[in-house]
Amino acid sequence: MRRPCARHAAALLLACVVASSVAASDEAPWQQLAAGGKVVLMRHGELKTGRNNGDSLARDPTCQRERNLSSTGEAQARRVGETFRARGIPVAAVRHSPFCRTADTARLAFGGGTPADYLSLREVLGADEAAAQTRALSEVIGSFAGPGNLVLVTHEPNIAAVSFELMKPADLLVLQPRGGSDFEELGVIRAGAD
């Protein structure tokens, strides 16, 4: 008779651990996400380091020549997804850069997503192309209208192009669309912190 209660207690404890794995100071952005209609800019998880781990600027559909997620980066992505599910955060769509590290982050956190060129690593682009990409990203953010939230998994330089926030791996920048290419920053969730 105690086993079902023990399983329920264990599941509840796991949900509490998952939810508390994100800093308590991040509570306001989580509450805003629960209402829907927001855009989340997520930096991909931590990358492998050391020799023979690929080139961070190379894009390779086979993922062999790219720098890929480390085991910590994979765990960060899973933890973000678990927290979204534990908190009941509605997700309307997930888009990611065509790079393997962002696709893997989206898959591990949210079960997948759709590649979007406007999220591709801007460091590999010329100045004019990078500026056009940033305008496209701003338009996608500003014009989003829920229900749910739009999650955009991308790279730190892309986030820095639209925000002054310093984003660590797997961090989330929560934005409120205002129409056109206008949006407001609501806060950062330091989901990547261990």
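Quick caveat: nothing in here was measured; it's all calculated off a predicted structure.

Cut-off values and rules
Residues numbered from 1 in each chain as written. Predicted model: local features only at pLDDT ≥ 70, side-chain atom pairs only at ≥ 80, totals over all residues. Heavy atoms only, no water. Phe/Tyr/Trp six-rings, centres within 6.5 Å; stacked < 30°, edge-to-face > 60°. Helix = DSSP H or I, 4+ residues; strand = E, 2+ residues; numbered from the N terminus. Buried < 20%, exposed > 50% of the residue type's maximum accessible area, 1.4 Å probe, protein only. Contact = heavy atoms within 4.5 Å. Pairing = 2+ DSSP bridges. Axes fitted to C-alpha atoms, helices over the stretch in contact; angles between N-to-C directions. Left-handed = near helix turned anticlockwise from the far one by under 90°.

## Re the packing of aromatic side chains
No. 1: What the rule picks out here adds up to 2 aromatic pairs.
No. 2: Ring centres of Phe84 and Phe110 lie 5.1 Å apart, and the angle between their planes is 90°; this geometry places the pair in the edge-to-face category. Separated by 26 residues along the polypeptide, Phe84 in helix 3 (residues 71–87) and Phe110 in helix 4 (residues 100–110) bring together distant segments of the chain.
No. 3: By relative accessible area, Phe84 is classed as buried at 2%.
No. 4: Residue classification places Phe110 among the buried residues on the basis of a relative accessible area of 19%.
No. 5: Every member of this aromatic cluster is reached through a ring pair, and the members are Trp30, Phe84 and Phe110.

## A few points about the environment of Glu46
No. 1: Along the chain, Glu46 falls in the loop between strand 1 (39–43) and helix 3.
No. 2: For Glu46 and Lys168, which are 122 residues apart along the polypeptide, the C-alpha to C-alpha distance reads 8.3 Å.
No. 3: Leave out the neighbours within four places in its chain, and Glu46 touches Leu69, Ser70, Thr72, Gly73, Gln76 and Pro169.

## Some remarks on the sheet that holds strand 4 (residues 149–154)
No. 1: Judged by pairing direction, the sheet is mixed, and its 6 strands sit side by side in the order 3-2-4-1-5-6 without closing on themselves. With partners counted over all chains shown, the strands left at the sheet margins are strand 3 (114–115) and strand 6 (182–189), one partner each.
No. 2: Pairing between strand 2 (residues 91–96) and strand 4: 5 bridges, direction parallel. Residue pairing for strand 4: His96 is matched across the bridge by Val153.
No. 3: Across the sheet, helix 4 lies against strand 1, strand 2 and strand 4, angled at about 155° from strand 2, the strand it touches most.

## A few points about the packing of helix 2 (residues 27–34) against helix 3
No. 1: Relative orientation of the contacting elements helix 2 and helix 3 amounts to 65°, with a least axis distance of 11 Å. Every pair of crossing elements has a handedness; the one defined by helix 2 and helix 3 is right-handed. For the pair helix 2 and helix 3, contact is made by Glu27, Trp30 and Leu33 and by Thr83, Phe84 and Arg87, respectively.

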